[in-house]
Every structure is written in C-alpha cells, then in structure tokens.
Amino acid sequence: MPLPFLVNPNAPVPIFRQIADGFRAAIGRGGYAAGDLLPSVRAIAEELGVNPNTVHKAIAELERDGLVAAERGRGMVVLAGTRAQARASGDEAVMQHLAEAARLAAAAHMDGERFEQLARRAMRAASTQQPTAPRTGASS
Amino acid sequence: MNTTEMSHASRDSAVLRGSDQASASQNPGKDAIELRCTGLSLRFGKVRALDGLDLTIAPGECVGVVGRNGAGKSTLFRSIIGAETPDAGRIETTPAMSRVEFLARTGFVPDTLAIYDWMNAGQAIDFVAALQPRFDPAWSAELQSILGIVRAVKIRDLSRGMQARLAFVLGLSHRPDLVLLDEPLLGVDAVTHDAVLEVLARMRSVQGCTMLIASHQLGDLARLADRVVFLDRGRVVEQCETDELVTGTHRLIVHGLPLGWRPPVSNALILARRQESACILTVRGDVAPVREALVSAHPSVRIEEVALSIHEACADRLRALEDRT
C-alpha cells in the first residue's frame with residue numbers, strides 16, 4: 001500500500017517527525033485500523049527515499065506512544081483503541097500551538113471572542129487547502 | 001540584498017560541537033566499515049587543502065559533508081580513495097585491511113565521470129567489472145535498469161545527467177561496504193533523483209553500508225545523513241546530528257534594539273546581521289536564554305522567532321564561516 005503522506009526535506013521539521021506525524025494522522029482518521037501492519041522500515045525508507053535510521057526513529061516514537069507494537073514475525077502492528085489516542089496526541093499538538101497563539105493574543109490585549117474568531121478563520125483557511133500535503137519547498 | 005554584515009559571533013570560541021565519537025548507527029551491516037581520518041593535512045603550493053582534518057564515521061553511519069567551494073571536500077574524498085597522498089595524518093578502518101581490499105570494498109561516485117570517453121556506457125561497465133573483484137552482475141543489471149542506462153551511447157555523447165547515472169552504476173555495482181558520494185546528483189532529473197534516493201535507501205537497509213556524502217543539495221542530506229559535518233579550509237569546524245540541526249537552529253528577528261548594538265560573544269550565536277531596522281540572529285540550541293537576555297537588557301525589544309529548515313540552518317553557518325575570513 002502506498003504511504004498516505006509525503007515528507008518534505010526542506011521543511012523546518014525533522015523528517016523522522018514528519019513520518020511519525022504522517023502515520024499518527026493516518027491512524028487517527030482510520031487509514032490504518034487496529035491489527036493493520038505498517039510497511040517495513042525498508043519499504044518506507046525506499047518509498048520516501050530517506051535514511052532507514054530516520055524511519056526507525058519515527059517508528060520507535062509511535063511504539064513509545066503506544067500506537068503500534070512489534071509482533072513477532074509480522075512487523076509493526078497498529079494496536080486496538082489507538083484511533084482515539086492518535087486523535088488525542090493530535091489534540092496535544094494543536095494545544096501546543098494554541099498556547100503559543102494565546103500568549104501572542106494576551107500580549108496584544110485581545111479578548112476571548114476575537115481569539116475564537118481568528119481560530120475559526122484559520123480553520124476555514126486550512127480546510128480550503130485540504131488535503132494537507134507538506135509544502136513542496138523549493139530546494140537549494 | 002538589503003543585508004549588511006554587522007558582526008560575527010564567536011570569532012575564536014570553540015565551534016566544534018557534538019561528540020567527537022561518531023554516533024552508533026542503529027543497523028550497521030555485518031560487513032560495514034568504520035572509517036577514521038586523523039589529522040589529515042595536504043598542501044598544494046601555498047593552499048592548505050586539508051589542514052588537520054579529523055573525522056570518524058561509525059559502521060553503518062551516513063555522514064553528510066557541507067562546505068563552501070574549496071573547503072576541501074573533494075580533496076578529502078580523493079585522499080580516502082588514495083588518489084592524493086596527504087602530507088600528514090592517517091586514514092584507518094575497522095576492520096583493518098590492505099589497500100587492495102579497501103578499494104574492493106569501497107564505492108566512489110565522483111562529481112565528474114573519469115573514464116575513457118571513447119567507450120560507450122556498456123563498455124565502461126564491462127571494463128570496471130573486469131577490474132573489480134567483487135562486481136555483482138545481477139545487482140549491476142538491476143542498477144542499470146533502475147537508472148535507465150543505455151549501453152550503446154558513447155560517454156562523450158552523454159548528457160550531464162546521464163553521466164551522473166552511469167557514475168552510480170560504475171561506483172556501486174560491487175555492493176560496496178563503504179560508499180563515498182561526491183556531489184553525486186548534479187544535473188539529474190527529478191525522476192532519476194528519486195530513483196537514486198531509492199537505491200541508496202535500499203543499500204542502507206539491506207547492507208547497512210557506511211556512507212559519506214558531500215552535497216550542496218541540503219534537502220538530500222536531510223533525507224540521507226545521520227550527521228552533518230561542516231568543513232572549512234580543510235578542517236571540520238562543527239558537527240551536528242541532522243535532526244538536531246533542524247530542531248536546534250532558529251532565527252530571532254529583533255526589533256527595537258538601540259543603534260550600534262553589538263551582539264554578545266556567545267557560542268549560541270551562529271550569525272548576526274542587520275536588515276533595515278531589525279537585527280536577525282541565528283541561534284543554535286535553546287533560544288529561551290537568548291530571548292531572556294535580550295529582553296532583560298532591552299525591555300522594549302520585540303522578538304519574532306522563525307524555525308529553520310536544514311537549508312537555512314546550514315547556509316547561515318556557512319555565512320558565519322565566510323565572515324570570519
């Protein structure tokens with residue numbers, strides 16, 4: 001199965017994190033269900049054209065977060081009940097950005113209503129750009 | 001560009017970062033080679049092409065080399081394969097091996113193809129096969145097919161990109177345990193570029209070979225390298241894990257600093273420039289202490305923070321090296 005995400009080596013985000021986030025998002029929207037196998041490290045590395053060590057690091061992060069586990073003789077299997085969990089870790093990532101946004105809003109003496117308005121506007125802007133493929137940044 | 005150099009950070013402070021020990025790779029192949037270059041020096045007349053270069057690459061590790069033109073990258077590669085003999089220093093491997101065995105287990109992909117240009121591509125491959133004791137015909141055929149090599153075309157008639165593709169076949173057909181790539185992707189088209197990255201990922205997955213790659217295409221280094229080393233005037237001046245380079249380099253755009261402000265000498269500061277009324281500081285590591293120091297000294301400043309990609313993280317380091325001259 002082709003991977004449901006891309007990596008952008010020119011983004012300000014390390015590639016292992018882009019891969020981990022790509023799988024996390026795919027699990028969160030049900031693209032990988034409980035019991036499904038992730039592709040092998042080799043297959044992921046070859047398809048994305050990246051260092052296998054980088055793929056290892058991404059998978060290790062998903063394993064540490066309890067989304068996947070190694071199953072003998074099969075590979076990395078998506079665990080049951082991880083869809084909600086993947087969503088929750090998505091919430092956490094959004095909260096981190098919102099906390100930063102709230103700090104800026106407070107510094108600008110903005111009230112809560114205005115803050116919500118802006119958050120909704122950002123949501124609308126993002127939804128017109130779906131699917132959210134990583135930017136294809138110009139190289140060099 | 002509306003940018004003037006303002007001051008250079010840490011002219012003489014120790015820039016060498018990261019462990020001197022090469023970081024262990026997670027899946028070195030059983031035949032992967034450790035390479036150690038110690039104190040390499042080589043002068044061409046008055047030019048010190050290499051000037052006490054130290055670099056250790058762990059078995060199965062991929063190290064990316066970054067430097068301005070003339071920093072010594074190609075001389076380093078040529079010294080490793082024995083095309084140059086350094087005036088001083090040692091090149092050693094673990095396991096230890098004879099020069100003949102080393103060359104049989106090393107694959108070099110140079111930036112320009114050096115082989116008889118009256119041969120056609122097929123003859124060149126057969127010629128290298130005859131010289132190379134570990135040549136693997138099945139793997140070579142697969143490489144030729146992946147890279148779309150047309151055997152009947154004369155080398156002198158090949159385009160830049162076709163020459164680069166042939167260089168990969170000539171350099172990698174013997175499944176080397178140590179792969180040396182000197183600016184290997186110049187002039188290749190997007191499809192070939194992806195095919196080459198796939199080949200390199202496969203060699204690293206299947207064989208766990210050790211790799212040294214010099215490239216100005218920093219996105220390729222982000223894809224391939226575990227660690228990036230910066231070369232300047234024949235020495236390694238900084239090294240950093242690739243992921244850390246991306247997460248640990250930020251730009252602070254500082255508004256409202258007094259005129260004539262000078263950046264403090266700090267190892268955290270990579271580069272400081274003034275652009276119009278703002279100061280642009282490129283910072284390594286944790287930005288919080290730098291922000292706090294600025295705000296406590298100048299309470300009215302406004303600071304914006306920009307996360308950098310590997311391109312800017314490397315380019316600003318190279319600019320800083322340039323400023324030191």
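Keep in mind it's a predicted model, so treat the numbers as computed, not measured.

Visitor: Requested: an account of the overall build of chain A, with residues and values cited.
Guide: For chain A, the count of helices and strands is five helices and two strands. When the helices and strands of chain A are read in sequence order from the N terminus, they spell out α-α-α-β-β-α-α. Within chain A, buried positions represent 31% of all 140 residues. Here the contacts in chain A between residues at least 6 apart in sequence split such that 57% fall between residues at least 24 apart. Total accessible area on chain A stands at roughly 8,300 Å², and carbon and sulfur atoms take up 57% of it.

Visitor: I'd like a description of the sheet that holds strand β2 (residues 34-44) of chain B, backed by residues and values.
Guide: Residues and elements named next belong to chain B. Ordered in space as β3-β2-β5, the three strands form an open sheet in which the pairing is antiparallel. The sheet is open, and its two edges are formed by β3 (47-57) and β5 (88-94), each paired on a single side. Averaged over all pairs of adjacent strands, the angle between strand axes in this sheet comes to 15°, irrespective of strand direction. In this sheet, β5 lies alongside β2 in antiparallel orientation, the contact comprising six bridges. Each bridged residue has a counterpart across the sheet, and for Ser41 the counterpart in β5 is Ala88. Across the face of the sheet, helix α1 (residues 73-81) comes into contact with β2, β3 and β5 while running at roughly 115° to β2.

Visitor: Describe the side chain of Gln132(B), listing the residues and the values that go with them.
Guide: Residues and elements named next belong to chain B. By secondary structure assignment, the location of Gln132 is in the loop between α3 (121-131) and α4 (137-147). Classification of Gln132 as buried rests on a relative accessible area of 14%. Once residues lying within four places of it in the same chain are set aside, the contact partners of Gln132 are Leu103, Ala104 and His174.

Visitor: Would you mind going over the interface of chain B and chain A in detail, with residue names and values included?
Guide: Counting residues at the interface gives 26 residues for chain B, matched by 22 residues for chain A. Of the roughly 2,100 Å² buried where chain B meets chain A, counting both sides, 50% is carbon and sulfur surface. Seen at the junction of chain B and chain A, the total is two salt bridges. Across the chain B-chain A interface, the total number found is eight residue pairs in polar contact (both at pLDDT 80 or more). Residues that form the side of chain B that touches chain A fall into these classes: 10 nonpolar, nine polar and seven charged.

Visitor: Now, about the sheet that holds strand β8 (residues 210-214) of chain B: what can you tell me, with residues and values included?
Guide: Residues and elements named next belong to chain B. Ordered by their spatial adjacency, six strands build an open sheet running β6-β7-β8-β4-β9-β10, and the pairing between neighbours is mixed. Each end of this open sheet is capped by a strand with a single partner; those strands are β6 (106-109) and β10 (235-241). This sheet shows a mean twist of 15° between the axes of neighbouring strands, independent of strand direction. In the sheet, strand β4 (residues 62-66) pairs with strand β9 (residues 227-232) via four bridges, with the strands oriented parallel. Residue pairing across strands places Gly64 opposite Val228, the latter belonging to β9.

Visitor: So what's going on with the packing of α4(B) against helix α6 (residues 190-206) of chain B? Which residues, and what values?
Guide: All names here are of chain B. In contact at an axis separation of 9 Å, α4 and α6 are set at 150° when each is read in the N-to-C sense. Relative to α6, the element α4 is oriented roughly antiparallel. Where α4 abuts α6, its residues Trp139, Glu142, Leu143, Ile146 and Leu147 lie against Thr192, Ala195, Val196, Val199, Arg202 and Met203. Tallied by class, the residues present in the contact of α4 with α6 amount to eight nonpolar, one polar and two charged.

Visitor: Summarise the packing of aromatic side chains; cite the residues concerned and give the values.
Guide: Note on aromatic pairs: each is described by the distance of the centres and the angle between the planes. Residues and elements named next belong to chain B. Applying the stated criterion to the full structure yields five aromatic pairs over all chains. When the centroid spacing of 6.0 Å and the interplanar angle of 25° are considered together, the rings of Phe77 and Phe108 count as stacked. Highlighted residues: Phe77 in helix α1 and Phe108 in strand β6, separated in sequence by 31 residues. Aromatic pair Tyr116 and Phe127: ring centres 5.8 Å apart, planes at 70°, arrangement edge-to-face. One end of the pair, Tyr116, is in the loop between β6 and α3; the other, Phe127, is in helix α3, and 11 residues separate them in sequence. Taking relative accessible area as the criterion, Tyr116 reaches 46% and is therefore assigned partly exposed. We classify Phe127 as partly exposed; its relative accessible area is 32%.

Visitor: Tell me what's going on with the pairing of strand β2 (residues 75-78) of chain A, and back it up with residues and numbers.
Guide: Relative to β2(A), strand β1 (residues 68-71) of chain A is paired through four bridges, and the arrangement is antiparallel. In the strand pairing of β2(A), Val68(A) is matched with Val78(A).

Visitor: Would you mind going over unusual backbone geometry in detail, with residue names and values included?
Guide: Negative phi is the rule for most residues except glycine; trans is the rule for most peptide bonds. All names here are of chain B. Between Thr94 and Pro95 the backbone carries a cis peptide bond, its omega angle lying at 0°. As for its position among the elements, Pro95 is in the loop between β5 and α2 (99-105). Located in the positive-phi region is Glu183, a residue other than glycine, with phi close to 50°. Within the secondary structure, Glu183 sits in the loop between β7 (178-182) and α6. A relative accessible area of 7% places Glu183 in the buried class.

Visitor: Which residues make up the packing of helix α1 (residues 15-28) of chain A against helix α3 (residues 52-64) of chain A, and what values do they have?
Guide: All names here are of chain A. Two elements in contact, α1 and α3, have axes separated by 8 Å at closest approach and are oriented at 45°. As judged from the angle between their axes, α1 and α3 are oblique. With respect to the hand of their crossing, α1 and α3 are arranged in right-handed fashion. The segment α1 lies against α3, with Ile15, Phe16, Arg17, Ile19, Ala20, Phe23 and Arg24 engaging Thr54, Val55, Lys57, Ala58, Ile59, Glu61 and Leu62. Its residues assigned to classes, the contact of α1 with α3 shows nine nonpolar, one polar and four charged.

Visitor: Pulling in residues and values, what's your account of the side chain of Ser309(B)?
Guide: As for its placement among the helices and strands, Ser309(B) is situated in the loop between β14 (302-307) and α10 (310-323). Of note is the side chain of Ser309(B), whose polar atom sits 2.5 Å from the side chain of Glu312(B). Not counting residues within four places of it along the chain, the set of residues in contact with Ser309(B) comprises Asn10(A), Ala11(A) and Pro12(A).

About the cut-offs
- Residues numbered from 1 in each chain as written.
- Chains lettered and ligands numbered in written order.
- Predicted model: local features only at pLDDT ≥ 70, side-chain atom pairs only at ≥ 80, totals over all residues.
- Heavy atoms only, no water.
- Helix = DSSP H or I, 4+ residues; strand = E, 2+ residues; numbered from the N terminus.
- Buried < 20%, exposed > 50% of the residue type's maximum accessible area, 1.4 Å probe, protein only.
- Contact = heavy atoms within 4.5 Å.
- Areas by Shrake-Rupley, 256 points an atom, 1.4 Å probe, with all protein chains shown as cover.
- Pairing = 2+ DSSP bridges.
- Axes fitted to C-alpha atoms, helices over the stretch in contact; angles between N-to-C directions.
- Buried area = accessible area lost by both parts, 1.4 Å probe.
- Salt bridge = Lys/Arg side-chain N within 4 Å of Asp/Glu carboxyl O.
- Polar contact = N/O pair within 3.5 Å; in protein donor to acceptor, adjacent residues only side chain to side chain.
- Nonpolar A, V, L, I, M, F, W, Y, C, P; charged D, E, K, R; others polar.
- Parallel < 35°, antiparallel > 145°, perpendicular 65-115°, else oblique.
- Phe/Tyr/Trp six-rings, centres within 6.5 Å; stacked < 30°, edge-to-face > 60°.
- Left-handed = near helix turned anticlockwise from the far one by under 90°.

Spatial relationships are all this shows, so hold off on functional conclusions.
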